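Listed here are the chains, written in short residue letters.
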Amino acid sequence: MAIDLAAKTAVPTPRSGARSGGRSGRRPAARRRNLIGYLFLAPFLILFVTFVIVPAVFGLWISLTNWSPFRDSQDFVGLKNYLDLFTAGSTTSGDFWQAMGATGLFVVLSVPFLVVLPLFIAVLLNRKLRGATVFRTVFFAPYVLGVAIVGVIWNYVFDTQSGILNHLLGLLGLPDDTPWVVDTPWVWVSLVGVTVWWTAGLNTVIFLAGLKGINTDLYEAAALDGAGAARTFFSVTLPGLRPVMLFITTTTVLASANMFGQSYLLTNGGPGNATRTAIMYIADQGLSQNNMAPASAMSYVLFAFLAIISVINFRLQRERTEKVIK
């Protein structure tokens with residue numbers, strides 16, 4: 001009787017063939033999903049490989065040769081183009097490092113404004129204010145303009161003889177002959193001011209998105225503890241914005257180091273070569289002077305500097321985040 005009951009209630013053991021069949025049935029579906037995903041990625045991957053990877057590899061090869069569009073055969077010269085950049089008295093060393101110095105100066109002058117000012121504006125716009133949406137649009141609107149339009153507009157504003165800015169300063173009883181785009185240090189004031197006006201809106205919008213992601217319970221807890229506005233900002237807002245701050249700082253440094261259009265259109269690298277950035281000098285050597293090999297080497301040296309700065313920024317930000325978590 002017990003044997004019959006056990007036989008009736010025994011759970012049948014699934015066959016290995018059925019189990020493997022189920023798995024094999026799921027595998028084609030997973031493969032189809034992966035194939036669909038790769039098909040959606042294919043247009044981007046094709047463009048990325050064609051316009052980024054291939055030119056980068058080709059540029060690296062050019063930097064190791066004496067490549068010229070007017071030469072039938074290109075000779076391999078190894079690291080000569082790189083060594084020339086670090087050899088005093090060579091044809092490219094002095095001008096290149098002067099351009100790198102101008103680039104570094106612009107980064108130092110512009111990045112603090114492009115990080116601190118958008119953060120301040122984002123904190124203000126994050127409050128429940130009337131017309132906050134309108135102000136967000138006003139701050140972001142210049143970013144949609146092309147660099148050519150920005151250059152034309154501000155050339156009219158900064159013109160020494162008939163510019164709007166000098167005219168307004170004259171009406172206020174201030175000097176009306178300031179050489180905004182023809183003399184130092186005013187050229188740097190102009191370039192930094194135009195860049196902040198043009199691009200700060202994007203960083204403001206990103207900071208606003210980051211502020212929306214901070215848990216409001218933290219602000220309520222800070223208020224219950226009696227923390228003021230300044231203490232709340234440094235103890236709640238800034239720690240909550242660390243990932244956003246890392247992203248904005250890194251991208252802003254890279255964008256400022258690649259500044260070209262503002263200097264080319266407003267100052268043409270002047271006075272002298274004071275505002276000629278590394279990108280301007282590389283473009284001049286590669287496209288105007290047909291010195292493609294040295295220009296490619298300069299590009300990779302600039303890339304190496306930016307990569308080192310980005311890694312250092314990531315490490316510093318990560319260490320600060322780990323200290324806050326601990």
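Let us look at the structure shown here. As the structure is a prediction and not an experimental result, all values here were calculated from the model. (Residues numbered from 1 in each chain as written. Predicted model: local features only at pLDDT ≥ 70, side-chain atom pairs only at ≥ 80, totals over all residues. Heavy atoms only, no water.)

## Some thoughts on the packing of helix α6 (residues 147-158) against helix α8 (residues 186-212)
Part 1: Remark: α6 packs on α8, axes separated minimally by 11 Å, with the N-to-C direction vectors making an angle of 130°. By the angle class used here, α6 and α8 are oblique. Pair α6 / α8 crosses with right-handed handedness. On α8, the residues that touch V147, V150, W154 and F158 of α6 are S190, V194, W197 and W198.
Part 2: For the contact of α6 with α8, the residue count by class is seven nonpolar, one polar and no charged. (Axes fitted to C-alpha atoms, helices over the stretch in contact; angles between N-to-C directions. Helix = DSSP H or I, 4+ residues; strand = E, 2+ residues; numbered from the N terminus. Parallel < 35°, antiparallel > 145°, perpendicular 65-115°, else oblique. Left-handed = near helix turned anticlockwise from the far one by under 90°. Contact = heavy atoms within 4.5 Å. Nonpolar A, V, L, I, M, F, W, Y, C, P; charged D, E, K, R; others polar.)

## Remarks on the side chain of S263
Part 1: Tracing the backbone shows S263 in helix α12 (residues 261-266).
Part 2: Judged by relative accessible area, which is 0%, S263 ranks as buried.
Part 3: Beyond its immediate stretch of four places on either side in the chain, S263 contacts L191, N268, G269, T275, R276 and M280. (Buried < 20%, exposed > 50% of the residue type's maximum accessible area, 1.4 Å probe, protein only.)

## Topic: unusual backbone geometry
Part 1: Residues T184 and P185 are joined by a peptide bond in cis, for which omega reads 0°.
Part 2: Here G270 and P271 are connected by a cis peptide whose omega angle stands at 0°.
Part 3: Residue placement: P271 occurs in the loop between α12 and α13 (278-288).
Part 4: Even without glycine at this site, N268 takes up a positive phi of about 55°.
Part 5: Within the secondary structure, N268 sits in the loop between α12 and α13.
Part 6: In the Ramachandran plot, N290 falls in the positive-phi region, its phi being about 60° despite a non-glycine side chain.
Part 7: When you line up the elements, N290 lands in the loop between α13 and α14 (292-325).

## Re a nonpolar patch on the surface
Part 1: A grouping of Y38, L41, F44, L45, L47, F48, V49, F51, V52, I53, V54 and V57 is seen on the molecular surface, where their side chains present a nonpolar patch of about 1,100 Å² in accessible area.
Part 2: Locating V54 in the fold gives a position in helix α2 (residues 16-63). (Patch = residues over 30% accessible without salt bridge, like charges linked within 9 Å, V, L, I, M, F, W, Y side chains within 5 Å. Areas by Shrake-Rupley, 256 points an atom, 1.4 Å probe, with all protein chains shown as cover. Salt bridge = Lys/Arg side-chain N within 4 Å of Asp/Glu carboxyl O.)

## Side note on the packing of aromatic side chains
Part 1: Tallying each qualifying case throughout the model produces 13 aromatic pairs.
Part 2: With a centroid separation of 5.7 Å and an interplanar angle of 40°, the aromatic rings of F140 and Y143 are classed as tilted.
Part 3: Owing to a relative accessible area of 30%, F140 belongs among the partly exposed residues under this scheme. (Phe/Tyr/Trp six-rings, centres within 6.5 Å; stacked < 30°, edge-to-face > 60°.)

## Remarks on the nonpolar core
Generally speaking, nonpolar side chains in soluble globular proteins are found buried as a group.
Part 1: Ranked by internal contacts, the top residues of the largest apolar core, which has 34 residues, are F96, F207 and L241.
Part 2: Mapped by element, the contributors of at least two residues to this core are α3 (80-85), α4 (93-125), α8, α11 (242-257), α13 and α14.
Part 3: Looking at this core element by element, the count peaks at 11 residues for α4.
Part 4: Those residues in contact with F207, other than ones at most four positions away along the chain, are V115, P118, L119, A122, L241, V244, M245 and I248.
Part 5: Listed in part, the 20 residues of the second largest apolar core include L114, W180, V196 and M259. (Core = buried A, V, L, I, M, F, W, Y, C linked by side-chain atoms within 4.5 Å.)

## A short note on the environment of L114
Part 1: Examined against the element boundaries, L114 turns out to sit in helix α4.
Part 2: Given the relative accessible area of 4%, L114 is considered buried.
Part 3: On a C-alpha basis, the gap between L114 and T252 in space is 7.3 Å, while along the polypeptide they are 138 residues apart.
Part 4: Excluding its chain neighbours within four sequence positions, the residues that come into contact with L114 are T195, V196, T199, A200, N203, T252 and S256.

## Description of the pattern of salt bridges
Part 1: Scanning the entire structure with this criterion turns up two salt bridges.
Part 2: A salt bridge links D84 to K80; its shortest N-O distance comes to 3.0 Å. With D84 and K80 both in helix α3, this residue pair falls four residues apart, about one helical turn.
Part 3: Take D84: its relative accessible area is 23%, and that puts it in the partly exposed class.
Part 4: The class for K80 is partly exposed, based on a relative accessible area of 44%.
Part 5: Note that D95 is salt-bridged to R276, the shortest N-O span being 3.8 Å. With D95 in helix α4 and R276 in the loop between α12 and α13, this pair connects stretches of sequence that are 181 residues apart.
Part 6: Judged by its relative accessible area of 32%, D95 falls in the partly exposed class.
Part 7: Residue R276 is classed as buried on the basis of its relative accessible area of 13%.

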